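Inside the fold
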Amino acid sequence: MKKIIALTGAGISAESGLSTFRDSGGLWEEYNVYDVATPEAWESNQELVLEFYNKRRKQVIDASPNAAHHALASMEKKYDVTIITQNVDDLHERAGSKNVVHLHGELGKSRSSTDSSLIYNIEGWELKPGDLCEKKSQLRPHVVWFGEAVPMMEVAARITEQADILIVVGSSLSVYPAAGLISVAKKNIPKYLIDPKEVSVHDIDNLSCIKEKASIGVPKLAKTLMENES
Ligand code: OAD
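Bringing the packing of aromatic side chains into the picture now. For the structure shown, the criterion picks out five aromatic pairs. Measuring from ring centre to ring centre gives 5.1 Å for Phe-21 and Trp-28, while their planes differ by 35°; the resulting arrangement is tilted. Looking at Trp-28, the relative accessible area reads 21%, which means it is partly exposed. Taken together, a centroid distance of 4.7 Å and an interplanar angle of 75° make the contact between Tyr-31 and Phe-52 edge-to-face. Separated by 21 residues along the polypeptide, Tyr-31 in the loop between helix 2 (27-30) and helix 3 (33-36) and Phe-52 in helix 5 (residues 46-62) bring together distant segments of the chain. Site record: aromatic cluster; members linked through ring pairs are Phe-21, Trp-28, Tyr-31, Phe-52 and Tyr-53.

Around the ligand, a shell composed of 23 residues is seen, among which Phe-21, Arg-22, Ser-171, Ser-172 and Asp-195 lie nearest. Within the backbone of Ala-10, one N or O atom sits 2.8 Å away from an oxygen atom of the ligand. Backbone polar atom of Gly-11 to a nitrogen atom of the ligand: 3.4 Å apart, as the coordinates give it. About the coverage of the ligand: the protein hides 93% of its 800 Å² of free accessible area. Taken together, the residues that form the shell around the ligand break down as nine nonpolar, eight polar and six charged.

Turning to the sheet that holds strand 9 (residues 207-210), a few remarks are in order. Taking strand neighbours across the sheet as the criterion, the six strands line up as 3-2-1-7-8-9 in an open arrangement whose pairing is parallel. The sheet is open, and its two edges are formed by strand 3 (100-102) and strand 9, each paired on a single side. For this sheet the average axis-to-axis angle between neighbouring strands, irrespective of direction, equals 15°. Strand direction decides the pairing type here: strand 1 (residues 3-8) and strand 2 (residues 80-85), joined by six bridges, are parallel. Within the sheet, the bridge partner assigned to Ala-6 lies in strand 2 and is Ile-83. Packed on one face of the sheet, helix 8 (residues 153-161) meets strand 1, strand 2, strand 3 and strand 7 (165-169) and runs near 145° to strand 2.

In the contact formed by helix 6 (residues 67-74) and helix 9 (residues 214-227), the axes pass within 7 Å of each other and the chain directions differ by 20°. Classed by the angle they form, the pair helix 6 and helix 9 counts as roughly parallel. Regarding helix 6 and helix 9, the two cross each other, and that crossing is left-handed. Contacts between helix 6 and helix 9 pair Ala-67, Ala-68, Ala-71, Leu-72 and Ser-74 from the former with Ala-214, Ser-215, Val-218, Pro-219, Ala-222 and Met-226 from the latter. Classifying every residue of the contact of helix 6 with helix 9 by side-chain character gives nine nonpolar, two polar and no charged.

Let's shift gears to the environment of Ala-6. Position of Ala-6 relative to the elements: it lies in strand 1. A sequence separation of 120 residues divides Ala-6 from Glu-126, and the C-alpha atoms of the two residues are 30 Å apart. If near-sequence neighbours (up to four positions away) are discounted, Ala-6 is found in contact with Leu-72, Thr-82, Ile-83, Ile-84 and Ile-167.

Here we come to the domain arrangement of the protein chain. What the domain assignment lists for the protein chain is domain 1 (1-17 + 65-104 + 150-230) and domain 2 (19-62 + 110-143). Taken over C-alpha atoms, the centre of domain 1 sits 25 Å from the centre of domain 2. Between domain 1 and domain 2, the residue contacts involve 13 residues of the former and nine residues of the latter. Here domain 1 and domain 2 share an interface that buries about 730 Å² over both sides, 58% of which is from carbon and sulfur atoms. Remark: the boundary between domain 1 and domain 2 carries one salt bridge. In this structure, the salt-bridge partner of Asp-23 is Lys-197, at a minimum N-O distance of 2.5 Å. There are two residue pairs in polar contact (both at pLDDT 80 or more) connecting domain 1 and domain 2. Classifying every residue of the side of domain 1 that touches domain 2 gives four nonpolar, five polar and four charged.

We now examine helix 6. Within the sequence span of helix 6, burial applies to Ala-68, His-69, Ala-71, Leu-72 and Ala-73. Next to the buried residues of helix 6 lie strand 1, helix 1 (11-14), strand 2, helix 7 (91-95) and helix 9. Its side-chain oxygen 2.8 Å from the backbone nitrogen of Ala-68, Asn-66 forms the N-cap of helix 6.

What counts and what doesn't
- Residues numbered from 1 in each chain as written.
- Predicted model: local features only at pLDDT ≥ 70, side-chain atom pairs only at ≥ 80, totals over all residues.
- Heavy atoms only, no water.
- Phe/Tyr/Trp six-rings, centres within 6.5 Å; stacked < 30°, edge-to-face > 60°.
- Buried < 20%, exposed > 50% of the residue type's maximum accessible area, 1.4 Å probe, protein only.
- Helix = DSSP H or I, 4+ residues; strand = E, 2+ residues; numbered from the N terminus.
- Near = heavy atom within 4 Å.
- Polar contact = N/O pair within 3.5 Å; in protein donor to acceptor, adjacent residues only side chain to side chain.
- Areas by Shrake-Rupley, 256 points an atom, 1.4 Å probe, with all protein chains shown as cover.
- Nonpolar A, V, L, I, M, F, W, Y, C, P; charged D, E, K, R; others polar.
- Pairing = 2+ DSSP bridges.
- Axes fitted to C-alpha atoms, helices over the stretch in contact; angles between N-to-C directions.
- Contact = heavy atoms within 4.5 Å.
- Parallel < 35°, antiparallel > 145°, perpendicular 65-115°, else oblique.
- Left-handed = near helix turned anticlockwise from the far one by under 90°.
- Domains from an automatic or database assignment.
- Buried area = accessible area lost by both parts, 1.4 Å probe.
- Salt bridge = Lys/Arg side-chain N within 4 Å of Asp/Glu carboxyl O.

Written out as structure tokens, the structure is:
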């Protein structure tokens, strides 16, 4: 089976009602990233950080996967598909995708603020001050903040190197190291970038840009790839 790697960003979940970060009206217009998504923010105002991620978690629980998530999942019938997502939502899993690598963590999980190996599922939408791990430290969202390492990056790079087909959906490709993955894929394989806006990419061979919303562009591409030999 040929391997499809899909690199996804906030744009794939936009039509499920979840805000992107850098579009007009996006989250980084409403919030200062340094106030809510950095270790320094956690040091200075845990309540605000918890509230920011609680709001996100609540929205995700109320959201549903859209046609783009479903189309990527449906390609597993014919391809070995791995999704590498920058998203912290679980819409890929809820659409049925079996192999999902979360580069920036998962909203549905918490972890100890003193021992990163202690990871828990969050019941419901709220993580509160005073919610403690088994070592009695405050629980924090299991997400990657700016200034923190991306522990899944090496795994993601190794998987991306194996791709026979690369699909990038709904990412401005402006946050590293995640954005660098597109350059890790083999030169000669077909690559598709689906985004209604122009995304700045340089020196990527064999790249077809499909200027459509994810809910239109991904199902169309999936249909074509499903009709092809695999
Ligand atoms: P961005 O908000 O930077 O980019 C979203 C992209 O989605 C843009 O290129 C949009 O044009 C595109 N888009 C919008 N609506 C779309 C639609 N309906 N269909 C397809 N594409 C659409 O989001 P990311 O690139 O995911 O990190 O952001 C990367 C990281 O920056 C996030 O994971 C987060 C953020 O700060 C952390 O918090 C660590």
